[in-house]
Each structure stands twice: as C-alpha cells, then as structure tokens.
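The primary structure of each chain is shown beneath.
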Amino acid sequence: MPKMKTNSAAKKRFKRTASGKFKRHKAFRSHIMTSKSSKRKRHLRKGSLVSVQEQKKIEMLIPRP
C-alpha cells in the first residue's frame, strides 16, 4: 500500500504539539493594521490551539509519521 501524502497547505499552517494537538496562527493580521488597536494587534501575535472539532479534520490532512 502506498504512503499517505501530507496536505502541503496544512503542513505550512499547523504544527503538532507533543501531546498531539495542533498549534495555529490567528487570522486578521496580514494587512490594514492601522485601524486595529494596539491591544488587538498584541493578542493577534500569540498563537492558539485548534478546536477539538477542527482537529479531527486536520488529523486527516497531516497523518502521523
């Protein structure tokens, strides 16, 4: 049976933690930053974890090695 291919887009956007969860970057940080408050921009810098519901979908795109 051939190897499963990893989805390239998902590979670039998500990283797996040691416990098996996925880290992601927050959205709305690419442009038009002048209209956003300093507090909002500061919170957008931090990463966050993928929700449990979405984690099942990402698991199919990035199989375990």
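Up top you'll find the structure we're talking about.
Let me sum up the structure you'll find in this document. Quick caveat, the model's predicted, so the values are computed rather than measured.

Calculation notes
Residues numbered from 1 in each chain as written. Predicted model: local features only at pLDDT ≥ 70, side-chain atom pairs only at ≥ 80, totals over all residues. Heavy atoms only, no water. Pairing = 2+ DSSP bridges. Helix = DSSP H or I, 4+ residues; strand = E, 2+ residues; numbered from the N terminus. Buried < 20%, exposed > 50% of the residue type's maximum accessible area, 1.4 Å probe, protein only. Contact = heavy atoms within 4.5 Å.

**Observations regarding the sheet that holds strand E3 (residues 48–49)**
Sheet architecture is open: three strands sit in the order E1-E2-E3, paired in antiparallel fashion. Looking at which strands have only one partner, the edges of the open sheet turn out to be strand E1 (15–16) and E3. The sheet contact formed by strand E2 (residues 22–24) and E3 spans two bridges and is antiparallel. Looking at E3, one finds that Lys-23 is bridged to Leu-49.

**Brief notes about the environment of Lys-21**
The topology assignment puts Lys-21 in the loop between E1 and E2. On the basis of relative accessibility, which here comes to 41%, the residue Lys-21 falls in the partly exposed class. In sequence terms Lys-21 and Ser-51 are 30 residues apart; their C-alpha atoms lie 9.0 Å from each other. Beyond its immediate stretch of four places on either side in the chain, Lys-21 contacts Lys-15, Arg-16, Leu-49 and Gln-55.

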